[in-house]
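Residue strings, one per chain:
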Amino acid sequence: MPVDTPRLLINMDALAANYRTLKRAALGFEVAPVVKADAYGLGAVQVSERLWEEGARTFYVARLSEGEALRKAMGSKQADILVLDGAPLGSGPQLKAGGLVPVLNSLEQIERWRKEAGDAPLPAALHVDTGINRLGLTMAEVEMLAKRPDRLKGLEIGWVLSHLACADEPGNPLNPKQRLRFDDARFLFRGAKASLANSAGIFISPLYIFDQVRPGISLYGGDPTGQHGDLLQTVATLEAPILQVRDVAPGESIGYGGDFVATRPMKVAIIGAGYADGILRSTSKGGVVWYADGPRPVVGQVSMDLTAIDVTDVPQGEDFGDMVELIGPNLSLDAAAAAAGTTAYELLVRIGARAERTWKRFS
Ligand SMILES: *Cc1c(COP(=O)(O)O)cnc(C)c1O
């Protein structure tokens, strides 16, 4: 098979292992995978099906369209699919037809979803904003709703959730503030499952776990706190082929703009991956790839389809194959993200559609 594009290997066993690790970290409480943005680029359908086998029954997506696609793919599996956008204008009939649960973010959305209810009550989740000031009902609105059950008539509130702003900093005072507010909110809806923690939230303390946790990045191998990377397995490996190796003489420049100039005789490998594949241009300075048992610096500007790397120090005459690792067991998602000046989240979702995805499983 000719190889001229990057390939993204997705290790489904590692995904399942991470799910089990998080289930233990969450003291056995429900782990509801967040599979928005196509499971952070790793394939929402494949990821959800594998995690269903591990026992996951509740899945979070961001958009209605993501929910519809997942519902279709899950077939007869009776998963709860929760849509974080809630019920935006015009979405009611489609949410209902898709058997999706909106995470209701405002009084207006509550009214809109109630209009869809017929004789049978419709399931819903309430999103309470406890301090991130992004989406969600205010605490005052939640208290009002608790006093006025008529405002929720026709709905069955199965979940109450909130989202932490600073969970990756366990010592941030906003965390306990949000937790206490959430505690007040969930006491008003005792029949509903309470869900607060994202990946990082799981590791702050058991006080943040409640009935259900909602990890995304940690399932996919990203270290949510900078301290728990050893617990998690590498799920995504991104590789790209070496298309050409060339000698560059001192004084010659490499790539667009010519801003990298060789100061010694260099051997440079041109790899078939660029910013169209998610190799961020910010990697042009300070980025590395892994090849022949070592980190190899990116030299010159990353271009759309190609990136140059310095292989001068690779021992000659040995056959190291023709693939380099951009993200994987040797170059963690978090390390690659740091080198690009971004987060594991952004790096994963930026991996381009052109990378050939393969889902590998052994168990
Ligand atoms: C994206 C998201 C999550 C998952 O966050 P991670 O940090 O990836 O674990 C959980 N809850 C909400 C509301 C989100 O938007």
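Residues numbered from 1 in each chain as written. Predicted model: local features only at pLDDT ≥ 70, side-chain atom pairs only at ≥ 80, totals over all residues. Heavy atoms only, no water.

This brings us to the packing of helix 3 (residues 44–53) against helix 4 (residues 64–74). Where helix 3 meets helix 4, the closest approach of the two axes is 10 Å, and the angle between their N-to-C directions is 50°. Considered as vectors, helix 3 and helix 4 are oriented oblique to each other. At the point where helix 3 passes helix 4, the crossing takes the right-handed sense. In this structure, helix 3 uses Ala44, Val45, Ser48, Glu49 and Trp52 to contact helix 4, whose residues at the interface are Leu70, Ala73 and Met74. (Axes fitted to C-alpha atoms, helices over the stretch in contact; angles between N-to-C directions. Helix = DSSP H or I, 4+ residues; strand = E, 2+ residues; numbered from the N terminus. Parallel < 35°, antiparallel > 145°, perpendicular 65-115°, else oblique. Left-handed = near helix turned anticlockwise from the far one by under 90°. Contact = heavy atoms within 4.5 Å.)

Pairing is possible between side chains that carry opposite charge, provided their charged atoms lie close to one another. Counted under the stated rule, the structure contains 17 salt bridges. Members of the salt-bridge network, linked through shared partners, are Arg20, Arg50, Glu53, Glu54 and Arg361. (Salt bridge = Lys/Arg side-chain N within 4 Å of Asp/Glu carboxyl O.)

Moving on, we come to the packing of aromatic side chains. For the structure shown, the criterion picks out three aromatic pairs. Their ring planes at 50° and their centres at 4.9 Å tell us that Tyr40 and Tyr220 sit as a pair that is tilted. Of this pair, Tyr40 sits in helix 2 (residues 36–40) while Tyr220 sits in the loop between strand 9 (212–213) and strand 10 (236–248), and the two are 180 residues apart along the sequence. Both residues of the pair, Tyr40 and Tyr220, count as buried. Summarising the aromatic geometry, the rings of Phe182 and Phe210 are spaced 4.9 Å apart at their centres and angled 90° between planes, so their arrangement reads as edge-to-face. Remark: Phe210 occurs in the loop between helix 9 (199–202) and strand 9 and Phe182 occurs in helix 8 (residues 174–187); sequence separation between them is 28 residues. Look at Phe182 and you get buried, because its relative accessible area is 0%. (Phe/Tyr/Trp six-rings, centres within 6.5 Å; stacked < 30°, edge-to-face > 60°. Buried < 20%, exposed > 50% of the residue type's maximum accessible area, 1.4 Å probe, protein only.)

Moving on: the site of the ligand. The ligand sits among 13 residues. The nearest are Lys36, Tyr40, Ser199, Gly216 and Tyr345. One of the side-chain N or O atoms of Tyr40 is found 2.5 Å from an oxygen atom in the ligand. Interatomic distance of 3.2 Å between a side-chain N/O atom of Asn198 and an oxygen atom of the ligand. Its free accessible area being 390 Å², the ligand has 94% of it covered by the protein chains. (Near = heavy atom within 4 Å. Polar contact = N/O pair within 3.5 Å; in protein donor to acceptor, adjacent residues only side chain to side chain. Areas by Shrake-Rupley, 256 points an atom, 1.4 Å probe, with all protein chains shown as cover.)

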